[in-house]
Amino acid sequence: MKNGLKPIASFLIDHTKHDVGFYLTTVQEISGRKIYTYDLRFRRPNCGDYLDNPVIHTIEHILAITIRNSEYSDLVLYFGPMGCRTGFDLLLVDIDYDAAKDLVLKSIDACMDFETVPGATAQECGNYQEHNLQRAKEELLKYKEILINKK
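Residues numbered from 1 in each chain as written. Predicted model: local features only at pLDDT ≥ 70, side-chain atom pairs only at ≥ 80, totals over all residues. Heavy atoms only, no water.

**Quick notes on the sheet that holds strand 2 (residues 33-41)**
Pairing within the open sheet is antiparallel, and its 4 strands lie in the order 1-2-4-3. This sheet does not close on itself; its edge strands, each paired only once, are strand 1 (21-30) and strand 3 (76-81). On average, each strand axis in the sheet is tilted by 15° relative to the strand beside it, whichever way the strands run. Across 5 bridges, the pairing between strand 3 and strand 4 (residues 87-93) is antiparallel. Looking at the pairing, Phe79 lines up with Leu90 of strand 4. Against the sheet, helix 1 (residues 53-68) makes contact with strand 2, strand 3 and strand 4, and its axis sits at roughly 165° relative to strand 3, the strand it touches most. Against the sheet, helix 3 (residues 133-149) makes contact with strand 1 and strand 2, and its axis sits at roughly 80° relative to strand 1, the strand it touches most. (Pairing = 2+ DSSP bridges. Helix = DSSP H or I, 4+ residues; strand = E, 2+ residues; numbered from the N terminus. Axes fitted to C-alpha atoms, helices over the stretch in contact; angles between N-to-C directions. Contact = heavy atoms within 4.5 Å.)

**As for the pattern of salt bridges**
Under the defined criterion, the tally for this structure stands at 9 salt bridges. Between Arg135 and Asp52 there is a salt bridge, with its nearest N and O atoms 2.8 Å apart. Of this pair, Arg135 sits in helix 3 while Asp52 sits in the loop between strand 2 and helix 1, and the two are 83 residues apart along the sequence. Residue Arg135 is classed as partly exposed on the basis of its relative accessible area of 30%. Between Arg135 and Glu139 there is a salt bridge, with its nearest N and O atoms 3.3 Å apart. Taken as a pair, Arg135 and Glu139 lie in helix 3 at a separation of 4 residues, close to a single helical turn. With relative accessibility at 3%, the residue Glu139 sits in the buried group. (Salt bridge = Lys/Arg side-chain N within 4 Å of Asp/Glu carboxyl O. Buried < 20%, exposed > 50% of the residue type's maximum accessible area, 1.4 Å probe, protein only.)

Laid out in structure tokens, this is it:
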């Protein structure tokens, strides 16, 4: 890379071959704990079919709150969207692939119970009017089917 900068792990993934699914992208050890970064890929990269901003924003709210209120709440470091609008990153402490995938599936199920978007007031959110709960639920259900059916 230019200027002697090392590429970050996500830049080393061949996005021309990357498919939808649930992937472990990195494992880092910090102070004796393992930090797992998971790629929740809802869309195939560079295919012109991207998640729209209201859907991304709503999934960020509802999936983050269900994951952060799970049995692993103290081990969740981060959940948020990828700038390319094809999925989300999830960083967990000491939670291996199978447990993380199960957490995501259970959290998707919990998202179906929302009738309103949590944290979607002007006091709680910097863009509180840009949400689409119905479409977010539809995208989450599609993603769940991919996870269940993908080997």
